[in-house]
Amino acid sequence: MSTILVDIIAGARPNFMKIAPIIRAIQAREAQGGPLRYRLVHTGQHYDEKMSGDFFRQLGIPAPDVNLEVGSGTQAEQTGTIMTRYEKLLLERKPALCLVVGDVTSTMACSIAAQKLCVKVAHVEAGIRSGDWTMPEEINRMVTDAITNYFFTTSAHANRNLRGAGVGDERIFFVGNTMIDTLLSNMDRLTKPAFFDELGLRPKSYFVMTMHRPANVDSGSTFTKLLDAIIAGTRGEPVVFPVHPRTAKTMREFGALPASLKLVDPQPYLEFNYLVRHAKAVITDSGGITEETTVMGVPCMTLRDNTERPETVEIGTNDLIGTNPAALKPALDRLFEGKWKKGAIPELWDGRTSERIVAHLEKLLA
Ligand code: UD1
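Residues numbered from 1 in each chain as written. Predicted model: local features only at pLDDT ≥ 70, side-chain atom pairs only at ≥ 80, totals over all residues. Heavy atoms only, no water.

1. Concerning the domain arrangement of the chain
Logical step 1: Split into domains, the chain comes out as domain 1 (4–177 + 349–365) and domain 2 (189–336).
Logical step 2: Listed per partner, the contact involves 23 residues of domain 1 and 23 residues of domain 2.
Logical step 3: In total, about 1,900 Å² of surface goes out of reach between domain 1 and domain 2, with carbon and sulfur atoms giving 56% of it.
Logical step 4: On the domain 1 side of the contact with domain 2, Gln58, His157 and Trp349 bury the most area, a combined 31% of that side's loss.
Logical step 5: The interface formed by domain 1 and domain 2 holds four salt bridges in total.
Logical step 6: There are nine residue pairs in polar contact (both at pLDDT 80 or more) connecting domain 1 and domain 2.
Logical step 7: Secondary-structure elements contributing two or more residues to the side of domain 1 that touches domain 2 are helix H1 (13–31), helix H2 (49–58) and helix H5 (136–146). (Domains from an automatic or database assignment. Contact = heavy atoms within 4.5 Å. Buried area = accessible area lost by both parts, 1.4 Å probe. Salt bridge = Lys/Arg side-chain N within 4 Å of Asp/Glu carboxyl O. Polar contact = N/O pair within 3.5 Å; in protein donor to acceptor, adjacent residues only side chain to side chain. Helix = DSSP H or I, 4+ residues; strand = E, 2+ residues; numbered from the N terminus.)

Dropping the structure here:
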């Protein structure tokens, strides 16, 4: 039997939990005689141990076959360098398919390089849209989906967006959420961080906050106003804040911080989700975290004016609070009064998405 090579692209932190179960599903099928083989390409967009290495180790992701070592840069610098280096790799050996996940710069850059060399592209988490063109991720989603052959989707919203853009049903595969495959398979392994007891954290009596969107953190004064509102609204309960490198840059200019704000390093996967699982609530500007809180049933407040994941609001535990600091108090009051919605789990977020993706790929590439 001849084998079929698939490139799997991973570039930045939110990609790693999405590729881990796909690789495992390919390996499981290979052991049963399946035809797919993979080449794991790390673009190097995230390169710190804390943003990358820890995730590979904890999630059992094999060492990348290739690292393009792009490193930091502007949007265009990263895009250009990834494209140039990935094109070179493609010219050395062309796979049957380039599989990209999510919406980071690496996702877009590799899909362009592949499609220009007539390598088919599959996009996992295709079709989601915030409508907000000020976010680099939205541009990445739109460009990637404009040149994707096979769309693997997480929600009915994504399916509708793609149909609306003229994508035929035969190219849309509603499979669920690979990030949730990873969460469910690691739920029993979640690990209490060393600082948990040192900080005196008690289950359901602390908050987790993450903040790294340029709109929220690149300006010190915007970020300070948000922080003040968060600290006032959380009524002295500890707010654990793993600080993303982008946010750390802004915070260097800050003076003394409130005592209830507990700054910690970016957390590895198992520690981060332990914190989330036991938190009273999460305050975030991330998209992916709203999916994890939905599955764990943890209240989540999103400090953005829009979301590409509306099912986490309509079905899950997430609420869009917006970026006006004044909106935080009423939301936190609602939480303290025990009036937060309970939420439910979206369709097909069941831990078996990667198996479905691999089954489709075997048929599509046969
Ligand atoms: C990227 C993704 C975003 C994702 C986020 C999660 C894009 C457009 N954005 O944003 O969707 O939610 O990752 O982390 O792809 N840095 C380090 N060490 C690293 C990586 C980055 O110090 O390992 C620094 C960079 O030097 C830069 C900043 O962090 O100053 C931002 O990194 P970058 O990859 O440009 O974008 P993110 O804001 O992390």
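This is not the end of the story, as more comes after the structure.
2. Digging into helix H7 (residues 178–186)
Logical step 1: Most of H7 is tucked away, with seven of its nine residues classed as buried.
Logical step 2: The set of residues buried in H7 consists of Thr178, Met179, Ile180, Asp181, Thr182, Leu183 and Asn186.
Logical step 3: Contact partners of the buried residues in H7: H1, strand E5 (120–124), helix H12 (269–277), helix H13 (288–296) and helix H16 (353–365).
Logical step 4: You can read the cap of H7 off the contacts: a side-chain oxygen lies 3.0 Å from the backbone nitrogen of Met179, and it is on Asn177. (Buried < 20%, exposed > 50% of the residue type's maximum accessible area, 1.4 Å probe, protein only.)

3. What about the site of the ligand?
Logical step 1: Near the ligand, the surroundings consist of 21 residues, among which Gln45, Ser72, Glu137, His244 and Lys249 are the closest.
Logical step 2: With respect to the ligand, the side chain of Gln45 contributes an N or O atom lying 2.8 Å from an oxygen atom.
Logical step 3: In this structure, an oxygen atom belonging to the ligand sits 2.9 Å away from a main-chain N or O atom of Tyr47.
Logical step 4: Its free accessible area being 740 Å², the ligand has 89% of it covered by the protein chains.
Logical step 5: Broken down by secondary-structure element, the contributors of at least two residues to the shell around the ligand are H1, helix H3 (75–92), H5 and helix H11 (245–251).
Logical step 6: Looking at side-chain class alone, the shell around the ligand contains six nonpolar, nine polar and six charged residues. (Near = heavy atom within 4 Å. Areas by Shrake-Rupley, 256 points an atom, 1.4 Å probe, with all protein chains shown as cover. Nonpolar A, V, L, I, M, F, W, Y, C, P; charged D, E, K, R; others polar.)

4. Focus: the packing of H3 against helix H4 (residues 105–116)
Logical step 1: Relative to each other, H3 and H4 sit at 40 degrees, their axes nearing to 8 Å. With respect to H4, the axis of H3 lies oblique. Once H3 is placed against H4, the crossing between them reads as right-handed. On H4, the residues that touch Gln75, Gln78, Thr79, Ile82, Met83, Tyr86, Glu87 and Leu90 of H3 are Thr105, Ser106, Met108, Ala109, Cys110, Ile112, Ala113 and Ala114.
Logical step 2: When the residues that make up the contact of H3 with H4 are grouped by side-chain class, the tally is 10 nonpolar, five polar and one charged. (Axes fitted to C-alpha atoms, helices over the stretch in contact; angles between N-to-C directions. Parallel < 35°, antiparallel > 145°, perpendicular 65-115°, else oblique. Left-handed = near helix turned anticlockwise from the far one by under 90°.)

5. A look at the sheet that holds strand E4 (residues 97–101)
Logical step 1: Read from one edge of the open sheet, seven strands run E3-E2-E1-E4-E5-E6-E7, paired in parallel fashion. Two strands close off the open sheet at either side, each with one partner strand: strand E3 (66–67) and strand E7 (172–174).
Logical step 2: Where H4 meets the sheet, it contacts strand E1 (4–10), E4 and E5, and its direction lies at approximately 165 degrees from that of E4.
Logical step 3: Sitting on the sheet, helix H6 (residues 156–164) touches strand E6 (150–153) and E7, and the angle it makes with E7 is about 170 degrees. (Pairing = 2+ DSSP bridges.)

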